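# Architecture at a glance
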Amino acid sequence: MASLQLLLTDKAVARLSYAKAGQYVVRDSELSGFLLKVGKRRKTFMAEGEHWKHGVREFRAQTKLGEFGELTSRDARGKAKDVLGQIARGERPGGEARPKVQAITLRGAWQNYLDRHLVRKGRDAGTIANYRDHVERLLKDWLDLPLARLGETPTLVVERHERLSELNGPYIANGAMRSLRAIYNHALKTNPDLPGVNPVKAIDWNVEVRRDTGMGDQDLGSWMREAFALESPIRREYHLLVLLSGSRPTALKKVRIEHIDLRRRILHIPRPKGGPKKAFDIPLSRAMVRCVVRAIRWGRLLYPEQAQTWLFPADSAAGHLVEHKEKRSVLSKWGNDLRQTFRTIAQVAEVSELDAHLLMNHSLPGVNTGYITRDRLLSGHLRRQQERISHVVCKNAAGAEPAIQRWISGPSKLEVRGPLLQQTSLSAAA
């Protein structure tokens, strides 16, 4: 529809030609929202406006004021001012204001995402904590901002990403934006009037480089000496089991006694990254069984109450090991460093990429791998691959001090009575 602009007076309106086809619009040059629609036979005065609240457009209204000839331009202008005043106050001309539902805030969208997605799908507590930190700390000043404001002003998101990159680092800035992206996409499902393009699309992501902190087989001897020197024998066994299993550090800290089956040489991980649906079993090599037995022994000696429940007990509110970080000057590699080391050693041990994926519970690439039944490979093929990896690790302790050799090859003649083997020797399993 064509649109012109001039001061709408009786003389100016009378001079306007009728439309030859359709209609065209003439907007008043002084009063925004006051206009004239010119058709083939009529010239109609109109008023139109939008009501915005907290950066969100709640409604748009257009009202007919009267036909030229029946209404002078002066009277139409007065009516237009009244109508535009109603719209500015949030009143729909001829009815009550009805704000749209889409004025949901970031706080409301985050709570919905937390309850309906993260909690409902059983996401790990650590995952939820990361989202909470991003939203409630890094984006705290946006919590009561309508989400539509971000959708309609993506420059706000771009500026915040740049600011977080400077103050908190590129990785944390990217993480916060990924959280915001997920929350916005989730809100779109129940708030279709939100701007359809996620504002996070406007940012230029910081380059993220995978941290190559894993060790090679030639580095394991010195690491063994560092681990053996740790004051806490429970932490010592914990770090060794992370190395031998390639497991995510958080998952191992929460291993319960009931998750261990020494007869079948299986360690069950019920809630790994991805939640219960990603639960899996780790086949235990002989070196891993010995490590588990030592952890049980030390746990019962040092924390007898907590050791009834946890493989790695501690004097904490949770009852198990919570903080696994060590000073780098004391233990140079821990956590995901050891997980990377496991993957590197698997290559040295000539374990296939697919088997390494299965042992580490990674998502399998390709369609054909979806037909593999992992449980059927546990007691045979995958355990043999696990043994090959453990052999490379332990071989590097063979030339170390006798005390370290005894640590890696122990326990010797150790018997721990309890529910695990119904008062049978744990060392027999090793």
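Our subject is the structure listed above.
What this report covers is the structure whose coordinates are included nearby. These figures come from a predicted structure and were not determined experimentally. (Residues numbered from 1 in each chain as written. Predicted model: local features only at pLDDT ≥ 70, side-chain atom pairs only at ≥ 80, totals over all residues. Heavy atoms only, no water.)

## Description of the overall build of the chain
A count of helical and extended segments in the chain gives 16 helices and eight strands. Evaluated residue by residue, the chain yields a buried proportion of 47% over its 430 residues. Taking the contacts inside the chain whose residues are at least 6 apart along the sequence as the reference set, 57% of them involve residues at least 24 apart. For the chain, the exposed area adds up to about 22,900 Å²; of that, 48% sits on carbon and sulfur atoms. (Helix = DSSP H or I, 4+ residues; strand = E, 2+ residues; numbered from the N terminus. Buried < 20%, exposed > 50% of the residue type's maximum accessible area, 1.4 Å probe, protein only. Contact = heavy atoms within 4.5 Å. Areas by Shrake-Rupley, 256 points an atom, 1.4 Å probe, with all protein chains shown as cover.)

## A look at the pattern of salt bridges
Counting across every chain of the model gives 16 salt bridges. We note a salt bridge from arginine 137 to aspartate 133, for which the minimum N-O separation is 2.6 Å. Taken as a pair, arginine 137 and aspartate 133 lie in helix 4 (residues 125–138) at a separation of four residues, close to a single helical turn. On the basis of relative accessibility, which here comes to 28%, the residue aspartate 133 falls in the partly exposed class. Arginine 178 is the partner of glutamate 208 in a salt bridge, and the nearest nitrogen-oxygen pair spans 3.2 Å. One end of the pair, glutamate 208, is in the loop between helix 7 (170–190) and helix 8 (220–228); the other, arginine 178, is in helix 7, with 30 residues separating them in the sequence. One network of salt bridges, in which partners are shared, links Arg27, Glu48, Glu50 and Arg60. (Salt bridge = Lys/Arg side-chain N within 4 Å of Asp/Glu carboxyl O.)

## Points about the packing of helix 11 (residues 286–302) against helix 14 (residues 378–395)
Between helix 11 and helix 14, the shortest axis-to-axis distance is 8 Å and the interhelical angle comes to 70°. Here helix 14 runs roughly perpendicular to helix 11, going by the angle between their axes. Seen from helix 11, the contacting residues are Arg286, Ala287 and Met288; seen from helix 14, they are Gln386, Glu387, Ser390 and Cys394. Among the residues forming the contact of helix 11 with helix 14, the class breakdown is three nonpolar, two polar and two charged. (Axes fitted to C-alpha atoms, helices over the stretch in contact; angles between N-to-C directions. Parallel < 35°, antiparallel > 145°, perpendicular 65-115°, else oblique. Nonpolar A, V, L, I, M, F, W, Y, C, P; charged D, E, K, R; others polar.)

## Thoughts on the nonpolar core
Core analysis: the largest hydrophobic core is formed by 58 residues, its most contacted members being Trp223, Met224, Leu240, Leu241, Leu267 and Leu311. If sequence neighbours within four positions are ignored, leucine 311 has contacts with Leu241, Val255, Ile257, Ile260, Val292, Ala295 and Ile296. Ile104, Tyr113, Tyr131 and Ile183 belong to the second largest nonpolar core, which has 31 residues in total. (Core = buried A, V, L, I, M, F, W, Y, C linked by side-chain atoms within 4.5 Å.)

## Re the packing of helix 12 (residues 336–348) against helix 14
Angle between the axes and distance between the axes are the two parameters that describe a pair of packed helices. Axis separation between helix 12 and helix 14 bottoms out at 9 Å; the angle between their running directions is 100°. Compared by their axis directions, helix 12 and helix 14 come out roughly perpendicular. Across the interface between the two elements, Phe342, Ile345, Ala346 and Val348 from helix 12 touch Gln386, Ile389, Val392 and Val393 from helix 14.

## Considerations on the pairing of strand 2 (residues 24–28)
With four of its five residues buried, strand 2 lies for the most part within the structure. Judged from the four bridges that link them, strand 2 and strand 3 (residues 34–38) form a sheet pairing that is antiparallel. Considered in strand 3, the bridge of valine 26 is made with leucine 36. Counted along the chain from strand 2 to the antiparallel partner strand 3, the turn is five residues long, and its residue glycine 33 has a positive phi close to 100°. (Pairing = 2+ DSSP bridges.)

## Side note on the side chain of histidine 186
Following the sequence through the fold, histidine 186 ends up in helix 7. Non-local contacts of histidine 186, meaning those with residues more than four positions away in its chain, are made with Asn112, Tyr113, Arg116 and His117.

## Quick word on the packing of aromatic side chains
In this structure the tally under the stated criterion is six aromatic pairs. Measuring from ring centre to ring centre gives 5.8 Å for phenylalanine 34 and phenylalanine 45, while their planes differ by 20°; the resulting arrangement is stacked. One end of the pair, phenylalanine 34, is in strand 3; the other, phenylalanine 45, is in strand 4 (residues 43–53), with 11 residues separating them in the sequence. Since its relative accessible area comes to 1%, phenylalanine 34 is described here as buried. On the basis of relative accessibility, which here comes to 0%, the residue phenylalanine 45 falls in the buried class. Three or more aromatic residues joined by ring pairs make a cluster, and in this case those are Phe34, Phe45 and Phe68. Above the face of the tryptophan 334 ring, arginine 328 is positioned so that its terminal group lies 4.0 Å from the ring centre. (Phe/Tyr/Trp six-rings, centres within 6.5 Å; stacked < 30°, edge-to-face > 60°. Lys NZ or Arg CZ within 6 Å of the ring centre and 35° of its normal.)

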